[in-house]
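Take a look at the letters that make up each chain.
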Amino acid sequence: MRYILRRIASAIPLLFGLVTVTFIIVHLAPGDPTALFIDRDADPSYAQNLKTALGLDQPLHIQYFRWLKQVATGDFGFSFTKNAPVSDLLAEAVPRTLLLSGSALAVNFLMGIAIGIFTALRRGTRFDRWVNTIALFMYSMPEFWLGLMLIFAFSLAIPIFPASGCKSPLAEYLPWYEYILDVLQHLVLPVVVLGVASAAATARYVRGSMLDVIQQDYIRTARAKGLGEISVIGKHALRNALIPVVTLFGLSFPFLLGGAVIVETVFAWPGMGKMTVDAIFTRDYPMIIATTLVSGTMVIAGNLLADILYALIDPRIRLGGEG
Amino acid sequence: MNLRVPMTLVVFALLAFAFHSCGKSGGGLENTAIVALSADVENFNPILTTSTVSSEVQYCLYPQMFDLTFDLARGRLIYKPGLVKRWEMLDSGRAIKLVLRRDVRWENGLIVSPQDVKFTYELLGDPSVASPQKHYVDDMIFTNGKFDLDKSIEILDDSTMLFHFRRGHPNQLFYLTIPPLPKYVFKDIEPRSIRQHPANLKPLSGGPYRFERWTRHQEIVFASNPKCTYPGPAILDGVIFRIITEPQTRLMELKKGTIDLMWPVQPEDVDDLKESYREIRLETLPPRQYEYIAWANIDFQEYRKSGGKTIRPHRLFGETRVRQALTYAIDRKSILDAKLGKYGELAVGDISPMFRWAINTNLRPYPYSPEQARSLLRQAGWQDTDGDGVLDRNGVKFEFSLLYNVGNARRAYAATVIQENLKQVGIVVHLVPLEATVLYEKMNTKDYDAVLAGYNVSLSIDPADRWGSIDNPFNSAGFQNDRVKELINLGMNAIDEEKAAYYWKELQAILHQEQPFTFMYWIKDIVGVNRRLKQTNISTLGVLEGIGKWKIGDPRSSYSMD
Amino acid sequence: MSALRHLRIHPGDVVPGLRHFRNGQYRAGCVYLALFLLSIAVLAGNAGKIVNGIASLLLTAWLLIVEPEAAKIVFSLEVLEFWIAAVYAVVLPFLIAGISAWSASSAAGERDGEGMSTWEISYQRFRNDPVARGGTLFLFVLYNIAILAPLVTPYNPNTFQDGLTTQFRPPFTRLTALVLREPRIHTVPFAPERAKGTHGDLLKSLVRINTALVEDPTRRLIFVDAFHVEGSNVVATQRTELLRVPIAQLVSTDPKEFATTRLFVLGTDSYGRDILSRMVFGSRISLSIGCIAVFLSITLGTFIGLTAGYFGRFIDSISMRTVDILLAFPSLFLILITVSLFDTMTVPRIFLVVLVLGFTSWMGVARLVRGEVLALKGQEFILAAHAAGLSHFRIIFRHILPNVMTPVIVNATLRIGGMILVEAALSFLNLGVQPPTASWGNIIYEGKDYLAAAWWISTFPGLAIVATVVCFNLIGDGLRDAFDPRLRRM
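Sequence positions are assigned chain by chain, starting from 1 and proceeding in written order. Each chain takes a letter, starting from A, and each ligand takes a number, starting from 1, following the order in which they are written. Since the coordinates come from a predicted model, pLDDT governs what is reported: local features require at least 70, and pairs of side-chain atoms require 80 or more to be given and counted, while whole-chain, interface and lining totals use all residues. As a convention, hydrogens and water are excluded, and side-chain values are obtained from all of the structure's heavy atoms.

(A) Structural view of the overall build of chain B. Secondary structure elements follow DSSP: runs of H or I no shorter than four residues count as helices, runs of E no shorter than two count as strands, and numbering proceeds from the N terminus. On a plain count of helices and strands, chain B comes out with 17 helices and 25 strands. C-alpha atoms define the radius of gyration, and 2.2 Å times the number of residues to the power 0.38 defines the globule rule. For a compact globule of 562 residues, the expected C-alpha radius of gyration is about 24 Å, and chain B comes in at 26 Å, within 12% of that figure. Each principal axis of the C-alpha atoms in chain B carries an extent, and together these give about 85 × 80 × 45 Å. Accessible area is worked out with a 1.4 Å probe on protein chains only. A residue is then buried under 20% of its type maximum, exposed over 50%, and partly exposed in between. Counting over 562 residues, chain B shows a buried share of 58%. Put simply, of all contacts in chain B between residues at least 6 apart along the chain, 69% involve residues at least 24 apart. In these tables, accessible area is a Shrake-Rupley quantity obtained with a 1.4 Å probe, and a residue counts as shielded only by the protein chains included in the view. Accessible surface computed for chain B: about 22300 Å², of which carbon and sulfur atoms make up 50%. Contacts between residues were defined by any pair of non-hydrogen atoms, one from each residue, lying within 4.5 Å.

Okay, here's the thing in structure tokens:
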């Protein structure tokens, strides 16, 4: 328990650093966000007024502290370009991204672990080699390109899956089960890119970890005791083999979000990633800071989660861990 | 073993549902039109929006001041009574008396009153609102450099109001076309925080549709507004706008029949649509937008530094023959052929071919002639004296950056062609694609040598923006010509079109000779409409202008009409 | 006797690969022989250009000595590309011969592992890994093609003409072209003002050579869909347009001679540019950015990791907290934000991208190095060095750094692939190198709007990325296995 608390406490300065670094980067950059919605006709005083209205004319440190205070109260400011509170926009986008990255994560680990175990047990077979090769290729493939190829194959050439968006236009009017199916259909291609591609990498990892375990003495002992193969693998080997996978699970969080930026852009999935890209291009400062903060928090939370799970599974960490 | 059959059935059933949901079969949507928008709207407040998409959607929500039509045969805007029942020009056009209808109501039953109209102009003219449409008050009365609301707009009684202008010209009516906002909704908010007002996102309607729902970057849902008294509730049950930014996806949805209307259709897709999709009708809009390269005619940097005192020709583009040479050197026809085909025409000047009466038909677009360009440049003293393939003069290389905005495939294409064409005559062009924000900022401060951009022309001719004072933000070339200024004044104040046309034609001839811009081409937008949608009445004014009167028919019956 | 035998030059030694055959390594022999023959083919096929290129280089060098001002003016990047390609084309056969000879002799002298240094053992192990060897071969070819790009590409990657006929052509399209007597657009004439100087003739001939070097031969062609002769004119069609070319302007009056065909192996893009040529030139960006950025990141990471690990205390905690914070950013977010926000017109985007990639990816290396240093610090030889009173500088550079480098290099190889992917992603978001310069990501970006109509634009560069990254990963795996047997693949 102490260990967990300590880990949580150490995450707070990290968050703080994250916010500060983002704020500094964004405000150091050239480019004037007011230019977008002032007509070129407007005289300079209009721009000035707008800056005042948006608080952009105040010294940086004042803007910074004002913003910190707002964040602490759950207010991320107002998006200049979308004319809406950032927190509203986030509230719309975050669940969609979570749906996408959550499904991808599930596919990634379910598939990855299954294939990993399977290949470890059948190591050296043709199947094992194939999986290894595919994993290598998947790992080396640009996500956006895979996305485009899937769109070409399954949306344009053989139109079975939609190429963009997270649901059909009129999906709300459908009965709930059809609505869910519709969303699932939209999920397929992005999840394949995000999840299946990384499942290959996970499988490789699980396979290695499994092989390590299988060669350990206690497995040999278990076998020698005459336990059935299923029991040996299922009860003894698997549990130990999956411990490092837990770390991988936590560390996958940032990957899925980082990957989601590209995938959401390719598939026009209206989540955080796409919103961030839009915000970056339009210099929507509060939006950029907020999305970075949220995703950074997820990264930190992911790491924290991995550490905690690890500690729960493997007591050695709790006892000997010095940080 | 016994489970296998039911399982298979379940899987098939699931798949069937999945594919079924692709189609449009939901209940109660038969009488709803689905329109694809190429971008999300900014908000629903006409005085705070800049994009074309936003203003198109506003046709659903606001009563229009006039019933406008654009007479293509004569090339002029025609005003018919709308919310304004009658109007009268007084004091040789320096004042206009409007009589509003008394029976036009907002969704909540309140009457659309002169107070609403005046309030709208109050916001427009308030600097702290920073409205992008503030030029609508430019010709009204100003006191001490500030817009004077009460002197500009008088409310005579509950249906009559009087507008005052600084000068009279026949086009003043145009500046009264902005739709009114409900004062009742906005009156309590401080003007400077109007952008944060929730009603911008959830508007009170006074038009044929009422707002139901807006999911950002996805869809906007409007339903017919039964309380609408003018122009009356929409015939459709509702309209759904889907925001689809990818041109490919938009087209695909139109082909699938999951959207009823979209624009712009890319010219390269037209043949396929015509051949294989007979249920889709294509409508071409008149050329209202053109693209151009603005050359910095004067040294903007010097001009800025001296606070507008030093006007020195630009080191490269300061000379007429150099600018002519640039136009000769750019193969505009090849860009037109590749990207627009017959949905575009080479531009001669910046008066739209729509305004037939004003066009100087004696002028021909510059042909593509690198030889001509080279000889003009040589005359101007630009030669390759050092053998590096790049022209130079007095040790200065002919080298510059061309700015344009990212995200427009045609412009990126044009920029690449321009770069390649100019390389052939020994000019080095650095392409600088910029985000819209950054580009606008640079255009605002005139911080560039050359910029490739596009412009949507207004429905009335007003060249003062472009060719008047250097300080005018739209005078992107820093063009300075006394005769042109004179002509603008004469043209704007001319009593009739014939007189005005005389001045506009001379103006075009001067611009053609001077080439402050290289005018690229006029663009005709193509609208793709599913034939089940009737009475769309798409016009120059806007694609959605007649959306209140749209009707949905039986798709099958329409084939025979073909 | 045996020493004498080594001195004698066997006729087979001159041609690479033959010695491998003698040693019984047929596959390796074939590879070296093929590479050698290819390089000779490049040399022979471009003899004119290579001679011109080298002449241009020598003349410029001479001019640089006698009249530096003039040399500076004549210099252009396009010509520099040719210099590099020409010189490299000449060197390449020797390079291949050298590698072949070295490989053959080291294979012949392969020992059992006794008396070998760890490096030798690792090298031996790496050599015996067929997969890693294949990857190395592939990348070797790829890098050579990139360097020789101006000589081996069929078309200029950036020029285009006759858009109506050439755009959106699928792979393996053969287009008809009319051959003109003179290029359609002459290169800008040289107005030899400076040529009046003392070395005027020299300058003039240099410019002539350079002009010939960079001249685009397709400028003498008109691509058409079809044509027929009508009196003294050739009437040709380009999709919707009709074109009349006087026969007098063509190289010959005989249709067999004035018309030719040109092949576009991987098709053309929306402008009508050859995809293959663009990919070859684009490979330079993708291949170099990955390596340079990784070099930056390992330099920075090693430096920070070393100082943090070696000096410890607050230097350690400050740098490691910074690392923690930066690692908390989803990496792509950080890269996107910095690239897009710091993008100004003054710095070419390519430098910005390299810098940002380098400066946002050093954290992992720093952690790795720090860990290694901490482990090393307690070891006897370091303690001994301290006791001997050696300076920190000397300890770090002579004793610690060499021991840290192995994992860093292995790590770096594995990172290059990732970098190439990130660069491609940036280009795909239109934040990479600027047009018309091609890079793989940027060709995919340009093709994405035409997926349905022209799938080949986006497809092939993607395949190239996959192949390259796979090879880097294979080599990385191979290196890791070779240097660190503990991590050997099962």
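(B) A look at the sheet that holds strand E5 (residues 95–100) of chain B. All names here are of chain B. Between any two strands, pairing holds if DSSP finds at least two bridges. Spatially, E4-E5-E9-E8 is the arrangement adopted by the four strands of the open sheet, whose pairing is antiparallel. Each edge of the sheet is formed by a strand with only one pairing partner; in this case those strands are strand E4 (84–90) and strand E8 (153–155). Taken pair by pair, the neighbouring strands of this sheet meet at an average axis angle of 20°, ignoring direction. Fitted lines through C-alpha atoms give the axes, limited to the stretch in contact for helices. The angle between two N-to-C directions lies from 0 to 180 degrees. Sheet contacts for helix H3 (residues 114–125): E5, E8 and strand E9 (160–164); angle to E9, the most-contacted strand, approximately 25°.

(C) Representation of unusual backbone geometry. The linkage connecting B:Tyr230 with the following residue, B:Pro231, adopts the cis geometry, with an omega of 0°. Counting through the fold element by element, B:Pro231 comes out in the loop between strand E11 (219–224) and strand E12 (238–243). The step from B:Trp263 to B:Pro264 runs through a cis peptide bond, and the omega angle for that step is -5°. Residue position: B:Pro264 is located in the loop between strand E13 (261–262) and helix H7 (270–276). Its identity as a non-glycine residue notwithstanding, B:Lys446 has a phi of 55°, on the positive side. For B:Lys446, the location among the structural elements is in the loop between helix H13 (436–444) and strand E21 (450–456). The class for B:Lys446 is buried, based on a relative accessible area of 8%. One non-glycine residue, C:Phe172, lies in the positive phi region at around 60°.

(D) Main features of the interface of chain C and chain A. Contacts between the two partners involve 39 residues from chain C, matched on the other side by 46 residues from chain A. Note on terms: buried area is the combined drop in 1.4 Å-probe accessible area of two parts once they are placed together, counting the loss on both. Between chain C and chain A, the buried area comes to about 3800 Å², and carbon and sulfur atoms account for 84% of it. Any Lys or Arg side-chain nitrogen found within 4 Å of a carboxyl oxygen on Asp or Glu counts as a salt bridge. There are one salt bridge connecting chain C and chain A. The term polar contact refers here to a pair of N or O atoms within 3.5 Å; inside protein, the definition further demands a hydrogen-donor-capable atom paired with an acceptor-capable atom, and it admits residues adjacent in sequence only when both atoms are side-chain atoms. Along the contact surface separating chain C from chain A lie four residue pairs in polar contact (both at pLDDT 80 or more).

(E) Focus on the packing of helix H14 (residues 275–311) of chain C against helix H22 (residues 455–483) of chain C. All names here are of chain C. Look at H14 against H22: their axes get within 11 Å of each other, and the N-to-C directions meet at 35°. As H14 runs across H22, the sense of the crossing is right-handed. Of the residues in H22, those in contact with Ile 275, Met 279, Leu 287 and Cys 291 of H14 are Trp 456, Ile 457, Phe 460, Pro 461, Ala 464, Thr 468 and Phe 472. Following the grouping adopted for this structure description, the nonpolar residues are Ala, Val, Leu, Ile, Met, Phe, Trp, Tyr, Cys and Pro, the charged ones are Asp, Glu, Lys and Arg, and the polar ones are all others, Gly among them. Of the residues contributing to the contact of H14 with H22, the split by class is ten nonpolar, one polar and no charged. Should the near helix be turned anticlockwise from the far one by less than a right angle, the crossing is left-handed, and should it be turned clockwise, the crossing is right-handed.

(F) Highlighting the interface of chain B and chain C. The partner chain C presents 35 residues to the 38 residues of chain B that form the contact. For the pairing of chain B and chain C, the buried interface totals around 3000 Å² over both sides, and the portion due to carbon and sulfur atoms is 54%. At the junction of chain B and chain C, the tally comes to three salt bridges. Between chain B and chain C we count five residue pairs in polar contact (both at pLDDT 80 or more) in total. Elements with a contribution of two residues or more to the side of chain B that touches chain C: helix H10 (332–339), helix H11 (370–379), strand E19 (399–405), helix H12 (409–424) and strand E20 (428–434) of chain B. Residue contributions to the side of chain B that touches chain C peak at nine residues, all from H12(B). A per-class count over the side of chain B that touches chain C returns 15 nonpolar, nine polar and 14 charged.

(G) Here's a closer look at the pairing of E20(B). Residues and elements named next belong to chain B. The buried count for E20 comes to five of seven residues, which makes it a mostly enclosed element. In this structure, E19 lies alongside E20, joined through seven bridges in parallel fashion. In the strand pairing of E20, Leu 402 is matched with Leu 431. Crossovers are marked right-handed if the path from the first strand over the helix to the second runs clockwise, as seen with the strands pointing away from the viewer. With H12 bridging E19 and its parallel neighbour E20, the resulting β-α-β unit is right-handed.

(H) The arrangement of the nonpolar core in detail. B:Phe222 and B:Phe241 are the most contacted members of the largest nonpolar core, which totals 261 residues. The element contributing the most residues to this core is helix H20 (residues 392–428) of chain C, with 16 residues. Composition of this core by domain shows at least three residues from each of domain 1 (2–72) and domain 2 (89–321) of chain A. The residues contacting B:Phe241, other than those within four sequence positions of it, are B:Val35, B:Leu37, B:Val57, B:Cys60, B:Gln218, B:Glu219, B:Ile220, B:Phe222, B:Leu544 and B:Ile547. For this analysis, a nonpolar core means a set of buried residues of the types Ala, Val, Leu, Ile, Met, Phe, Trp, Tyr and Cys, connected via side-chain atoms within 4.5 Å. Where a domain begins and ends is set by an automatic assignment or by a domain database.

(I) Expanded view of the packing of aromatic side chains. All names here are of chain B. Each aromatic pair joins two rings of Phe, Tyr and Trp (for Trp, the six-membered one) with centres within 6.5 Å, and gets the label stacked for planes under 30 degrees apart, edge-to-face for over 60, and tilted for any other angle. The final tally for this structure, using the stated rule, is 46 aromatic pairs over all chains. Feature note: the residues Tyr 290, Tyr 292, Tyr 455, Trp 467, Phe 474, Phe 479, Phe 517, Phe 519 and Trp 522 constitute an aromatic cluster, connected by ring pairs. A ring is considered to have a charge above it if a Lys NZ or an Arg CZ atom is located within 6 Å of its centre and within 35 degrees of its normal. Note that Lys 339 overlies the ring of Tyr 413, its terminal NZ or CZ placed 4.9 Å from the centroid. Across from the ring centre of Tyr 292, 4.6 Å away, lies the NZ or CZ of Arg 466, which sits over that ring.

(J) Summary view of the confidence of the model for chain B. All names here are of chain B. As a per-residue quantity, pLDDT reports the predictor's confidence and falls between 0 and 100. With 93% of its residues at a pLDDT of 70 or more, chain B has an overall mean of 86. Averaged pLDDT values for the elements of chain B fall to 45 in helix H17 (residues 555–559) and rise to 96 in helix H9 (residues 320–329). Contacts for the low-pLDDT stretch residues 14–27, under 50 throughout, to residues beyond four places or in other chains number 24 contacts. The low-confidence segment residues 556–562, where pLDDT is below 50, has six contacts with residues more than four positions distant or belonging to other chains.

(K) Seen up close, the pattern of salt bridges. Here the structure, examined in full by the defined rule, presents 44 salt bridges over all chains. The shortest N-O distance in the salt bridge between B:Arg76 and B:Glu497 comes to 2.8 Å. Separated by 421 residues along the polypeptide, B:Arg76 in strand E3 (residues 76–81) and B:Glu497 in helix H16 (residues 497–514) bring together distant segments of the chain. Taken together, the salt bridges that share partners define one network made up of C:Asp269, C:Arg273, C:Arg278 and C:Glu446.

(L) Representation of the environment of C:Ser106 within the structure. Residue and element names in this part refer to chain C. For Ser 106, the location among the structural elements is in helix H7 (residues 77–108). Considered as a pair, Ser 106 and Gln 124 are 18 residues apart in the sequence and their alpha carbons are 9.2 Å apart. Beyond its immediate sequence surroundings of up to four residues, Ser 106 is in contact with Tyr 123 and Arg 127.

(M) Quick peek at the confidence of the model for chain C. Residue and element names in this part refer to chain C. When pLDDT is averaged across chain C, the result is 84; 91% of the residues are at 70 or more. pLDDT under 50 marks residues 1–5. Its contacts with residues more than four places away, or in other chains, come to zero contacts. Reported confidences for the modelled complex are a pTM of 0.83 and an ipTM of 0.87.

(N) Up close: the sheet that holds strand E16 (residues 344–346) of chain B. Residue and element names in this part refer to chain B. As summarised here, the arrangement of the six strands in space is E16-E22-E15-E21-E19-E20, forming an open sheet in which the pairing is mixed. In this open sheet, the two strands that pair with only one neighbour each are E16 and E20. Sheet twist, expressed as the mean angle between neighbouring strand axes with direction ignored, is 25°. Along the sheet face, H12 touches strand E15 (289–295), E19, E20, E21 and strand E22 (517–523) and points at about 170° away from the line of E19.

(O) How the structure looks around the side chain of A:His186. Residues and elements named next belong to chain A. Inspection of the secondary structure puts His 186 in helix H7 (residues 176–214). Here His 186 falls in the buried class, since its relative accessible area comes to 5%. Setting aside anything within four residues of it in sequence, one finds His 186 in contact with Pro 162, Ser 164, Gly 165, Cys 166, Lys 167, Ser 168 and Trp 269.

(P) Just the pairing of E21(B), in detail. Residues and elements named next belong to chain B. Note: E15 against E21, seven bridges, orientation antiparallel. Bridge pairing in E21 links Glu 291 to Gly 454. In terms of strand pairing, E19 meets E21 through two bridges, oriented parallel. Each residue of the ladder has a partner; that of Leu 402, found in E21, is Ala 450.

(Q) Representation of the packing of helix H15 (residues 313–328) of chain C against helix H18 (residues 363–377) of chain C in the model. Residues and elements named next belong to chain C. Where H15 contacts H18, the axes come no closer than 10 Å and their chain directions differ by 140°. The angle between H15 and H18 falls in the class oblique. Between H15 and H18 lies a crossing whose hand is left-handed. Residues Asp 316, Met 320, Val 323, Asp 324, Leu 326 and Leu 327 of H15 pack against Met 363, Ala 366, Arg 367 and Arg 370 of H18. Orientation categories follow fixed angle ranges, with anything under 35 degrees roughly parallel, anything over 145 roughly antiparallel, 65 to 115 roughly perpendicular, and all other angles oblique.

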